[in-house]
2 protein chains.
Amino acid sequence: MGGVTQAPKDTLGQLLLELHVSGGQASRAALTDRLGCGRSVMGYLLGELADRSLVRIDRTGGKPGGGRPSHQVIIPPQAPTVVAAQIQPDGFTVATVGLGGKILSRSTLPLRSPQPSEALDELCELMNSHVEPNVLGFGVAVPSPVRADGYAPAALHLGWPGLHLQQLLEEHLRLPVSIANDANLAALAEHRHGAGRGSHQLLYLTTGNVGLGGGVVTDGRLFLGAHGYAIEPGHITVDPGGASCPCGSTGCLEVEADHRALLRLLGVDVPLRSVAARIESLLAEPTPEVLEAVHRVNTRLAIGLGSLANIVDADRIVLGGTLGVLYELEPDIVRGKLAERAFLADLAHVPITPGELADSVLLGAAELAFQPLLDDPRAFPAGR
Amino acid sequence: MGGVTQAPKDTLGQLLLELHVSGGQASRAALTDRLGCGRSVMGYLLGELADRSLVRIDRTGGKPGGGRPSHQVIIPPQAPTVVAAQIQPDGFTVATVGLGGKILSRSTLPLRSPQPSEALDELCELMNSHVEPNVLGFGVAVPSPVRADGYAPAALHLGWPGLHLQQLLEEHLRLPVSIANDANLAALAEHRHGAGRGSHQLLYLTTGNVGLGGGVVTDGRLFLGAHGYAIEPGHITVDPGGASCPCGSTGCLEVEADHRALLRLLGVDVPLRSVAARIESLLAEPTPEVLEAVHRVNTRLAIGLGSLANIVDADRIVLGGTLGVLYELEPDIVRGKLAERAFLADLAHVPITPGELADSVLLGAAELAFQPLLDDPRAFPAGR
DNA sequence: CTTGTTTGTGCAGTAGCTGTACAAAGGTAC
DNA sequence: GTACCTTTGTACAGCTACTGCACAAACAAG
């Protein structure tokens, strides 16, 4: 976990972050405004970034508007990039991502071996093949909780045992590696580049093929807790007398409201890897039975949302994946149940939106790898 | 809310905070160690603090130990103080508190009028009577959620309507006023001066006469959420089919596990203001019936703790007030149930301790008033 | 009285801003 | 086209909050 808890130390990091979340391009005047610094400071800071080939200044364009037109600040092609990887039950996705959050190239690899060591070898080979001279490091998203030291105690849905995943990967990769939980990273990505932009306290929930994960982003930083395990929304109790959960508890939100719960209500049984696809096809043209099952699941979700809202006090809630689709089938119901459970109106009157990013997890992994650069751009080679 | 979310901006604030949590006295060498700075920096910083009469250096004493004995750094009597106030259903407590967290004087006032405006007039008079030349400001703890702008939407147990409490108090007080929720402030106080010292992620729960509140302290800062309403542990759902709660929901932890819940199980009915006292007397020599009721309540509490642990990932859990007493009657039961509900062993294997402070709420209110000084000591008048 | 260890001090130096004055680049009015 | 306004970038001196180094002070052990 590469310092995601640390806020940028100085103004320079803030500037680079601002440019990064603006998609890699912004007018100099707008940046000065958003940083709240003087114009001369901006000149100094941009000089520092330019020394490190992190920005290029375009002195021509700019929209008029009365006075001298502002320069455009652009992240150039030779700026640093990172290699992001996503581990999924059925395979890997690897991508090269540039500052600004743009995916420059991507490749996928089906999981061929159930043995972690063999599978990781293949993953590392693919990741290494993405390395170019300007790659800073690797970020890896894992469908498992991840401890601050890089240990993944239980990639339940992969069938892997507890592994010192970061250490294992570092043995095969020659650049710095950071790893974290996939749902946490998706939350971070939606905050930086998606539906959570500008939020001060973002609550994010999502479902994959199985399980229900999420994350909280407070003032731009992932809420990681003491060990890195914070925000396991799938395992808050929504009904102590409910179904038993593989985690050992009963009535967890995950067993009551994830994709499998929905399929169970419908009496559908499909293999793990095609759960999400099946859900999607069912929701495309929902029958009355499907809608009723959706209603049951949404009701459970709203109970969980209520508990979370009372703890987190979010100013935005983003629902990733098909969770957003389920919500949009009956937003008023979910909002109503949330309002019942929320302790105060302010806790419930929060914008709820589906996620905006198709590759939130992958982009989040890239954010993880970019974080050291954003935290302290000056620590990176000043080059010519 | 006076900037409790802001970490000290500079090293000077960190130093003053370190001295503050050390009880107002520490050796210069120990401080240098804990700040991780050079000895010359410490000299410079102590000079800055001395210029502001915030410290006195005692060059004599010090324990030997091989080399030159280290000076003692002491907060002198003329250092700034604050006036802290606690609003309770049956009256007010007001105290003058010094740096280091020592209560210098205190007074109480029974609540004479059910009218907020009259009651607040009396409170302000008492608070003003505590003002001396070196008082920096006021901190007030309220048995209600408090919004970041000082609005208290529902002091349910006082019977007061929503009030712009901070504004109302400021009209009668001539020094800066900060207000916040009492349970949040108790959490902050236990972190700075009590059972939560040194914790990076503290989860605190407590009960008063009625209700169940708490707070989270992350890296030394109160977790306040988007509006200031974060961490209402009393209103997470522990049983959707459970008793209805005045908040409009059902099966809230508060109605299932607070003091009234315990008395309800025992068929005892006493007026609000004597609930806590009655609980205390019952627990002093518990009968088998009392123990059984305690068991029921502890079981509910553990369900809530499980949900909270899975979200917060604390490295310490502190139970304030009689919650700590209930826990200590059967710690293994609570720990066991928590382990069942926690998603991972690391989330449950957390030290659980009763609170250490008799006046946690009052001390927390003082912390609130001290915060601007700790955030930026240089902003306060230099020279003697 | 020497040696060793730990601690405080003086002072020159530096990074990272900050403010001010001014120049540049556009539009608009006449 | 020229004068004038607005907005923006630039140059440069100055400042604050550290940082590092060399050295002196205070004790204990021998």
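Residues numbered from 1 in each chain as written. Chains lettered and ligands numbered in written order. Predicted model: local features only at pLDDT ≥ 70, side-chain atom pairs only at ≥ 80, totals over all residues. Heavy atoms only, no water.

Chain A is annotated in an unreviewed UniProt entry as N-acetylglucosamine repressor of Kibdelosporangium persicum. In UniProt, chain A has this text filed under Sequence similarities (unreviewed entry): "Belongs to the ROK (NagC/XylR) family." (UniProt positions renumbered as here; feature names shortened; annotations may be inferred.)

1. Quick notes on the overall build of chain A
Counting its regular elements, chain A contains 14 helices and 13 strands. Counting only C-alpha atoms, chain A reaches 65 × 50 × 40 Å along its principal axes. Among the 384 residues that make up chain A, the fraction classed as buried is 57%. Of the contacts formed within chain A by residues at least 6 apart in sequence, a portion of 64% connects residues at least 24 apart. On chain A, roughly 15,200 Å² of surface is accessible, and the fraction owed to carbon and sulfur atoms is 51%. (Helix = DSSP H or I, 4+ residues; strand = E, 2+ residues; numbered from the N terminus. Buried < 20%, exposed > 50% of the residue type's maximum accessible area, 1.4 Å probe, protein only. Contact = heavy atoms within 4.5 Å. Areas by Shrake-Rupley, 256 points an atom, 1.4 Å probe, with all protein chains shown as cover.)

2. A look at the sheet that holds strand β3 (residues 72-74) of chain A
Residues and elements named next belong to chain A. Strand order across the open sheet formed by three strands is β1-β3-β2, with antiparallel pairing between neighbours. Strand pairing shows two members of the sheet lacking a second neighbour, β1 (25-27) and β2 (56-58), which therefore form its edges. When the angles between neighbouring strand axes are averaged without regard to direction, this sheet yields 25°. When β1 meets β3, the two strands line up antiparallel, connected through three bridges. Opposite Gln25, over in β3, you have Ile74 as the bridge partner. The sheet contacts of helix α2 (residues 28-35) involve β1 and β3, and relative to β1 the element is tilted by about 85°. (Pairing = 2+ DSSP bridges. Axes fitted to C-alpha atoms, helices over the stretch in contact; angles between N-to-C directions.)

3. Some points on the state of the cysteines
Two cysteines, two sulfur atoms, one covalent bond between them: this is a disulfide. Within the structure shown, the criterion is met by zero disulfides over all chains. In this structure Cys245 of chain A is a free cysteine whose sulfur lies 3.6 Å from that of Cys247 of chain A, the closest cysteine sulfur available. (Disulfide = S-S within 2.5 Å.)

4. Quick word on the protein's contact with DNA strand C
The immediate surroundings of DNA strand C are formed by 20 residues, with Thr11, Ser40 and Arg378 of chain A together with Arg28 and Arg39 of chain B found nearest. With respect to DNA strand C, the backbone of Arg68 of chain B contributes an N or O atom lying 3.0 Å from a base oxygen. At the level of secondary structure, the elements contributing two or more residues to the surface near DNA strand C comprise α3 (39-51) of chain A together with α2 (28-35) and α3 (39-51) of chain B. Here the surface near DNA strand C gets three residues from one element, more than from any other, and that element is α3 of chain A. The class makeup of the residues in the surface near DNA strand C is four nonpolar, nine polar and seven charged. (Near = heavy atom within 4 Å. Polar contact = N/O pair within 3.5 Å; in protein donor to acceptor, adjacent residues only side chain to side chain. Nonpolar A, V, L, I, M, F, W, Y, C, P; charged D, E, K, R; others polar.)

5. Considerations on the pattern of salt bridges
Evaluation of the coordinates by the stated rule reveals 24 salt bridges over all chains. For Asp359 of chain A, the salt bridge is made with Arg106 of chain A, and the minimal N-O distance between the two is 3.0 Å. With Asp359 of chain A in the loop between β13 (352-354) and α14 (360-375) and Arg106 of chain A in strand β6 (residues 102-110), this residue pair connects regions lying 253 residues apart in the sequence. Residue Asp359 of chain A is classed as partly exposed on the basis of its relative accessible area of 23%. In this structure, the salt-bridge partner of Arg378 of chain B is Glu48 of chain B, at a minimum N-O distance of 3.0 Å. Taken as a pair, Arg378 of chain B in the segment after α14 (360-375) and Glu48 of chain B in helix α3 lie far apart in primary sequence, 330 residues in all. Judged by its relative accessible area of 31%, Arg378 of chain B is partly exposed. (Salt bridge = Lys/Arg side-chain N within 4 Å of Asp/Glu carboxyl O.)

6. Some words on the protein's contact with DNA strand D
Around DNA strand D sit 20 residues in total, of which Arg28, Arg39 and Ser70 of chain A together with Thr11 and Arg378 of chain B are the nearest. Here DNA strand D approaches the protein such that, of its atoms within 4 Å, sugar and phosphate make up 61%. With respect to DNA strand D, the backbone of Arg68 of chain A contributes an N or O atom lying 3.0 Å from a base oxygen. Listing elements by their share of the surface near DNA strand D, those giving two or more residues are α2 and α3 of chain A together with α3 of chain B. The leading source of residues in the surface near DNA strand D is α3 of chain B, at three residues. The class makeup of the residues in the surface near DNA strand D is four nonpolar, nine polar and seven charged.

7. A closer look at the environment of Leu272 of chain B
Residues and elements named next belong to chain B. Structurally, Leu272 is set in the loop between α8 (259-266) and α9 (275-284). For the pair Leu272 and Asn209, spaced 63 residues apart in sequence, the C-alpha separation works out to 6.5 Å. For Leu272, the contacting residues outside a window of four places in its chain are His157, Asn209 and Val210.

8. A short note on the interface of chain B and chain A
Counting residues at the interface gives 44 residues for chain B and 44 residues for chain A. Interface area, chain B with chain A, both sides summed: about 3,700 Å², of which 60% is carbon and sulfur. Broken down residue by residue, the surface that chain B buries against chain A is led by Ile311, Arg341 and Phe343 of chain B, which jointly contribute 20%. One can count two salt bridges joining chain B with chain A. Arg147 of chain B is the partner of Asp346 of chain A in a salt bridge, and the nearest nitrogen-oxygen pair spans 3.6 Å. At the junction of chain B and chain A, the tally comes to 24 residue pairs in polar contact (both at pLDDT 80 or more). Contributing elements (two or more residues each) for the side of chain B that touches chain A: α10 (288-312), α12 (331-341) and α13 (345-348) of chain B. (Buried area = accessible area lost by both parts, 1.4 Å probe.)

9. Quick word on the relation of the copies chain B and chain A
Superposing chain B onto chain A takes a rotation of 180° combined with a translation of 0.0 Å along the rotation axis, leaving an RMSD of 0.0 Å. Here the two chains are linked by the operation of a two-fold rotation axis. Taking the C-alpha atom as reference, chain B places Asp239 of chain B closest to the rotation axis, 2.7 Å from it. Most of the interface of chain B is mirrored in chain A, where 100% of its interface residues are also at the interface. (Least-squares fit on C-alpha atoms with pLDDT ≥ 70 in both.)

10. Quick notes on the domain arrangement of chain A
Each assigned domain of chain A is listed here: domain 1 (11-74), domain 2 (81-185 + 360-379) and domain 3 (197-354). Look at where the C-alpha atoms of domain 1 of chain A and domain 3 of chain A centre, and you get two points 39 Å apart. (Domains from an automatic or database assignment.)

11. Structural notes on the nonpolar core
Ranked by internal contacts, the top residues of the largest apolar core, which has 101 residues, are Leu205 and Ile317 of chain A together with Leu205 and Ile317 of chain B. Beyond its immediate stretch of four places on either side in the chain, Leu205 of chain A contacts Leu212, Gly213, Gly214, Pro233, Leu301, Leu305, Leu308, Val318, Leu319, Gly320 and Leu323 of chain A. (Core = buried A, V, L, I, M, F, W, Y, C linked by side-chain atoms within 4.5 Å.)

12. As for helix α6 (residues 182-193) of chain B
Residues and elements named next belong to chain B. Under the 1.5 Å per step criterion, the end-to-end length of α6 is 16 Å for 12 residues, consistent within 8% with the ideal 16 Å. Counting buried positions over the 12 residues of α6 gives 12, a clear majority of the element. Along α6, the residues that are buried comprise Asp182, Ala183, Asn184, Leu185, Ala186, Ala187, Leu188, Ala189, Glu190, His191, Arg192 and His193. Measuring from the side-chain oxygen of the N-cap residue of α6 to the backbone nitrogen of Ala183 gives 3.1 Å; that N-cap residue is Asn181. (Expected span 1.5 Å × (residues − 1).)

13. Digging into the sheet that holds strand β7 (residues 135-142) of chain B
Within a sheet, neighbouring strands are paired by backbone hydrogen bonds and run either parallel or antiparallel to one another. Residue and element names in this part refer to chain B. With respect to topology, five strands assemble into an open sheet ordered β6-β5-β4-β7-β8, the strand pairing being mixed. At either margin of the open sheet sits one strand with a lone partner, and together these are β6 (102-110) and β8 (177-181). The sheet shows a mean angle of 20° between the axes of neighbouring strands, taken without regard to direction. Pairing of strand β5 (residues 91-98) with β6, which is carried by eight bridges, proceeds in the antiparallel orientation. Across the sheet, Val97 pairs through a bridge with Ile103, a residue of β6. In this fold α6 packs onto β7 and β8, with an angle of close to 100° to the strand it touches most, β8.

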